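Coordinates in review
The chain contents come next:
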Amino acid sequence: MAVSERRFDLRARTQSIHERLDAAVGGFDTVEQYRRYLAGLGRFRTAVDGALQHVTWPAGWSFRPTALADVLEEDAIDLKIPPLKDIDPDMDLSDESALLGALYVLEGSTLGSRVLRQRAAALGLDETFGARHLAVMSKDIAQWQSFLLLLDEAQNFDVERAAASANAVFALALRCFESDVFVAH
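Per chain, residue numbering runs from 1 following the sequence as it is written. Under the rules for a predicted model, residues below a pLDDT of 70 receive no local features and side-chain atom pairs below 80 are neither given nor counted, while totals for whole chains, interfaces and linings still include all residues. In computing side-chain values, all of the structure's heavy atoms are included and hydrogens and water are not.

1. Quick look at the side chain of S138
Keep this limit in mind: Runs of E in the DSSP output that reach at least two residues are strands. Runs of H or I that reach at least four are helices, and both are numbered from the N terminus. Note on definitions: a residue-residue contact is assigned when non-hydrogen atoms from the two residues lie within 4.5 Å.
Within the secondary structure layout, S138 lies in helix α6 (residues 132-138). Leaving out residues up to four positions away in the same chain, S138 has contacts with S113, R114 and R117.

Quick look at the structure:
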């Protein structure tokens, strides 16, 4: 397989759960719907960002994902979302392929952030109140390009391992968005 096809292979191998996650996340046309989205994403990124803090990064990797948990917490405070129960990420990120699979999900989520940022703006939310995380996510498409370069150049890449990791990260996100722990009161 040509190296440049790796992201498309991962997309094909994760399509089913990705579609389920998109359906669970839904859209937001009201502040209440946005609060639900924000709570689910906050719970997910707190778990994943925490797991990534314990990763031993491969030698030679200058790429690091953008952590979002802190800005998501600020957005949650703005919108008076109560603290959420922690969720165990239960992810094995001990090898490069697994780590690349997880990063594929995280970095890929930035691609839709510009559209979400516009929807949030229509609700009166922006980089100073309630939508800081969307400002961070949508500020730099170069981050996605840097990730793709890393993915394409990875030696001894195991697509099965990467896809299993990506699917596990999607499953974690799905648990966070389907849980009633974050339903707005």
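2. Quick notes on the packing of helix α2 (residues 31-52) against helix α3 (residues 69-78)
This is how it is decided: Axis angles are defined between N-to-C directions and span 0 to 180 degrees, where every axis is a line fitted to C-alpha atoms and, for a helix, only to the segment in contact. To sort the angles, those under 35 degrees are grouped as roughly parallel, those over 145 as roughly antiparallel, those from 65 to 115 as roughly perpendicular, and the leftovers as oblique. Whether a crossing is left-handed or right-handed is set by the direction in which the near helix is turned from the far one by less than a right angle, anticlockwise for left-handed and clockwise for right-handed. Residues are grouped as follows: Ala, Val, Leu, Ile, Met, Phe, Trp, Tyr, Cys and Pro are nonpolar; Asp, Glu, Lys and Arg are charged; all remaining types, including Gly, are polar.
Packing of α2 against α3 brings their axes to within 9 Å, and their N-to-C directions diverge by 150°. Judged by the angle between their axes, α2 and α3 are roughly antiparallel. Two packed elements cross with a definite hand, and for α2 against α3 that hand is left-handed. Between α2 and α3, the residues in contact are L38, L41, G42, R45, T46 and D49 and A69, L72, D75 and A76, respectively. Residue composition of the contact of α2 with α3, by class: five nonpolar, two polar and three charged.

3. Let's talk about the pattern of salt bridges
Which entries qualify depends on this criterion: The working definition used for a salt bridge is a side-chain nitrogen of Lys or Arg within 4 Å of a carboxyl oxygen of Asp or Glu. Each residue is assigned to one of three classes by its accessible area relative to the maximum for its type, calculated with a 1.4 Å probe on protein chains only: buried under 20%, partly exposed between the two thresholds, exposed over 50%.
Under the defined criterion, the tally for this structure stands at 10 salt bridges. Between D92 and R161 there is a salt bridge, and its shortest N-O distance comes to 2.8 Å. A residue pair is termed long-range when its members are at least 10 positions apart, and D92 in the loop between α3 and α4 (96-108) and R161 in helix α8 (residues 159-178) qualify at 69 residues. Judged by its relative accessible area of 44%, D92 is partly exposed. With a relative accessible area of 26%, R161 lands in the partly exposed category. Residues joined by salt bridges that share partners form a network here, namely E74, D75, D78 and R132.

4. Section: the nonpolar core
Quick reminder of the rule: Definition used in this section: a nonpolar core is a set of buried Ala, Val, Leu, Ile, Met, Phe, Trp, Tyr and Cys residues joined via side-chain atoms within 4.5 Å.
Y34, Y37, F44 and F147 are the most contacted members of the largest nonpolar core, which totals 59 residues. Those elements that place two or more of their residues in this core are α1 (6-25), α2, α3, α4, α6, α7 (142-153) and α8. When residues in this core are grouped by element, the largest group, 11 residues, is from α8. In this view, F147 contacts F63, L100, L103, Y104 and E107; residues no more than four positions away in its chain are not counted.

5. Let's talk about the side chain of E107
For clarity, the threshold we go by: Under this rule, positive means Lys or Arg and negative means Asp or Glu; His and the chain ends count for nothing.
Inspection of the secondary structure assignment puts E107 in helix α4. In this structure E107 is buried but unpaired, with R45 as the nearest side chain of opposite charge at 6.0 Å.

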